[in-house]
Amino acid sequence: MAGYYKSIFFLAAAACLGEGIEMLVNMILARELGSHGLGLYMSILPTVFLIVLLASFELPVSISKLIAEREDRYHRNILYHAITVTVIFTVVLFLAGTVLIPFIPVFNSYHPYIRWLVLLLIPIISFTSVARGYFMGRQQMGRIAVSNFLRKLVQLAALFILFRLFDFDAQASLLVAIGTFIGSELITFLYLFYLFMIQFQHIKSMPFSNLNRKTVRKNLMAVSIPTTSMRLFSAFTGAIQPFLIKAALEHSGLTETLATEHFGMLMGIAASIGFFPAFIAHSLLIVLIPGVSKTHAENNYQNLQKMLQQVMKLTLVYGTAAVAVFYFFAPQLTGLFFKSDTSAIYLQLLWPYFLFHYFIIPLQGFLLGLDLIKEAFYHVIWSHIVSFAIIFWLGSMPEWRMDGVIIGLNTGAVLLCLMHYLTVCKKIGLSFFMRGIVPKTLER
């Protein structure tokens, strides 16, 4: 456990600095793009993340689980097969993207170069995922932390220099914003893959044992396919969420411009501030996936119970403190972007959405480590169905509008958190109030 805490602390410290940089990035974007431009940026970002997700194929999760569960002598063979799968998958996806991206309508409102820049993300993300998965499985979290920090630092520096030296029109500004994001991913790839190749040369000089190729690929696919499906569903719903919210607001009587501005204040400002403390949750997730996988492989349910209890207590402490600060200092925090009483109100009303997501993220780490991927997928589907139904129903009413949208977001987060929590508790033998229960059988 001491090793896990050390990894979590290191990741959280680096992520805290990274999130601070992310806040500065969003401040620059808010001031340079304006409320409407920020709304357009936030509207296309989920689509970019969808392509990133497809390119990663959740290899960081599947590789880290397999590396954590197997002895060192099998790692060389696992990586050979993982790289082979990655090369084949990247070529197929890149060719498919080349054919399909010109016909994706979401890019029509943006600079024509953006769609081709996004295409470059496919090989970058795919090969970065192999290195990231290996370092996660080996619990070498320092390299993961540095890469995450480096990505955001490069993006901040590029934005600051470009907007300082040049004067762009609205469309070119959006191109610069997306271009710096993709450029930062390229730098991360060069850093991680360089370290990975050094490590791989060391592995090749050590004694090794082979695993059956079909066994390795089956284990990788058994995690990657359902996990990618779950992430794909979340990314797809995230990509359509901006259009759903704006459609509901327009149906309630707002103009398209006003709806876009309100969405920009909701996701570009309120959500940027509210998800700032989630760096702790993401640090927990990265450590928990291989940690829970290894502990579960050993059938050590007592340690799994302790891990869940400690994670829940830690999340409750920092989460409660964070949302209290957001609620009472909302005007001052949103004023760092630009003066807007509306965005401050959104930040205050979204406190359940943020708090429960702090719990959801590490709980997903438990679900993945416990091989409960199918259950996690079902939870995500049901929570989004309920959330989107409420968003469109209440958001379309003139008397509710953004209040209805926020109620839908809050409801979805609470529902998803409860389903995740109850499923994990049942699997490892804990009651709702985290009291130990001795199951009749403890089977994987």
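Residues numbered from 1 in each chain as written. Predicted model: local features only at pLDDT ≥ 70, side-chain atom pairs only at ≥ 80, totals over all residues. Heavy atoms only, no water.

> What exactly am I supposed to notice about the overall build of the chain here?
Counting its regular elements, the chain contains 16 helices and 0 strands. Taken over the C-alpha trace, the chain has a radius of gyration of 22 Å; the compact-globule value for 444 residues is 22 Å, and the two agree within 12%. Each principal axis of the C-alpha atoms in the chain carries an extent, and together these give about 65 × 50 × 35 Å. Put simply, 82% of the contacts in the chain that link residues at least 6 apart link residues at least 24 apart. A total of about 19600 Å² of accessible surface is found on the chain, and carbon and sulfur atoms cover 68% of it. Seen as two clouds, the 31 positive and the 20 negative side-chain charges of the chain have centres 14 Å apart. (Helix = DSSP H or I, 4+ residues; strand = E, 2+ residues; numbered from the N terminus. Rg over C-alpha atoms; globule rule 2.2 N^0.38 Å. Contact = heavy atoms within 4.5 Å. Areas by Shrake-Rupley, 256 points an atom, 1.4 Å probe, with all protein chains shown as cover. Lys, Arg positive; Asp, Glu negative; His and termini not counted. Charge placed at Lys NZ, Arg CZ, Asp CG, Glu CD.)

> I tried to follow helix α5 (residues 121-137) on my own but got confused; where do I start?
The end-to-end C-alpha separation of α5 is 24 Å, in line with the 24 Å expected for 17 residues at 1.5 Å each. By the criterion of burial, α5 is predominantly enclosed, with 15 of the 17 residues buried. Gln-139, located one to two residues past α5, shows a positive phi value of around 60°. (Expected span 1.5 Å × (residues − 1). Buried < 20%, exposed > 50% of the residue type's maximum accessible area, 1.4 Å probe, protein only.)

> Help me out: how do you make sense of the packing of helix α11 (residues 301-328) against helix α14 (residues 351-369) in this one?
Helices that pack against each other are described as a pair by the angle of their axes relative to one another and the distance between those axes. Remark: α11 packs on α14, axes separated minimally by 9 Å, with the N-to-C direction vectors making an angle of 160°. With respect to α14, the element α11 is oriented roughly antiparallel. When you trace α11 past α14, the crossing you get is right-handed. Of the residues in the contact of α11 with α14, the class split is 19 nonpolar, 3 polar and no charged. (Axes fitted to C-alpha atoms, helices over the stretch in contact; angles between N-to-C directions. Parallel < 35°, antiparallel > 145°, perpendicular 65-115°, else oblique. Left-handed = near helix turned anticlockwise from the far one by under 90°. Nonpolar A, V, L, I, M, F, W, Y, C, P; charged D, E, K, R; others polar.)

> Where do I start with a nonpolar patch on the surface in this structure?
A cluster of nonpolar side chains, Val-325, Tyr-327, Phe-328, Phe-329 and Trp-351, forms an exposed patch at the surface whose accessible area comes to about 540 Å². For Trp-351, the position within the fold is in helix α14. (Patch = residues over 30% accessible without salt bridge, like charges linked within 9 Å, V, L, I, M, F, W, Y side chains within 5 Å. Salt bridge = Lys/Arg side-chain N within 4 Å of Asp/Glu carboxyl O.)

> What is the right way to read the nonpolar core from this model?
One recurring pattern in soluble globular proteins: nonpolar side chains tend to sit buried together. Judged by nonpolar contacts, the single largest core of 140 residues is most densely connected at Tyr-41, Leu-266, Leu-308 and Tyr-358. Examining the composition of this core, we find that 21 residues originate from one element, helix α1 (residues 2-56), more than from any other. Setting aside residues no more than four positions away along its own chain, Tyr-358 makes contact with Gly-274, Pro-277, Ala-278, Ala-281, Thr-315, Tyr-318, Gly-319, Ala-322, Val-323 and Phe-326. (Core = buried A, V, L, I, M, F, W, Y, C linked by side-chain atoms within 4.5 Å.)

> Hey, could you run me through the packing of aromatic side chains in this one?
Two numbers describe a pair of aromatic rings. These are the distance of the centres and the angle of the planes. Overall, the coordinates contain 19 aromatic pairs when judged by the stated rule. Here the aromatic rings of Phe-326 and Phe-354 are separated by 6.4 Å at their centres, their planes lie at 80°, and the arrangement is edge-to-face. Taken together, the residues span a long stretch of sequence, with Phe-326 in helix α11 and Phe-354 in helix α14 at a distance of 28 residues. Among the residues examined, Phe-354 registers a relative accessible area of 0% and is labelled buried. Within the aromatic cluster, the residues linked to one another by ring pairs are Tyr-80, Phe-127, Tyr-134, Phe-135, Phe-189, Phe-193, Phe-196 and Phe-200. (Phe/Tyr/Trp six-rings, centres within 6.5 Å; stacked < 30°, edge-to-face > 60°.)

> Looking at this model, I keep getting lost on the environment of Arg-76. Mind explaining?
Mapped onto the elements, Arg-76 comes out in helix α3 (residues 75-100). Looking at Arg-76, the relative accessible area reads 16%, which means it is buried.

> Sorry if this is basic, but what is going on with the pattern of salt bridges here?
When charged atoms on two side chains of opposite charge get close, those side chains can pair. Applying the stated rule across the entire model yields 2 salt bridges. Linking Asp-371 and Lys-65 is a salt bridge whose minimum nitrogen-to-oxygen distance equals 3.2 Å. Taken as a pair, Asp-371 in the loop between α14 and α15 (373-395) and Lys-65 in helix α2 (residues 59-69) lie far apart in primary sequence, 306 residues in all. Residue Arg-151 is joined to Glu-185 by a salt bridge in which the shortest nitrogen-to-oxygen separation is 3.6 Å. With Arg-151 in helix α6 (residues 141-165) and Glu-185 in helix α7 (residues 170-204), the pair connects residues that are 34 residues apart, well separated along the chain.

> How should helix α16 (residues 402-428) be read in this particular structure?
Since one α-helical turn is 3.6 residues long, residues separated by three or four positions face the same way. When the terminal C-alpha atoms of α16 are compared, their 40 Å separation across 27 residues agrees well with the 39 Å that a helix rising 1.5 Å per residue should span. Following α16 by one or two positions, Gly-429 adopts a phi angle in the positive range, close to 85°.

> What is the right way to read the packing of α6 against helix α10 (residues 278-297) from this model?
Two numbers describe how α6 lies on α10: the axes approach to 11 Å, and their chain directions differ by 150°. As judged from the angle between their axes, α6 and α10 are roughly antiparallel. Every pair of crossing elements has a handedness; the one defined by α6 and α10 is right-handed. On the side of α6, the interface is formed by Met-141, Ile-144 and Asn-148, while α10 contributes Ile-286, Val-287 and Pro-290. Across the contact of α6 with α10, the residue classes break down as 5 nonpolar, 1 polar and no charged.

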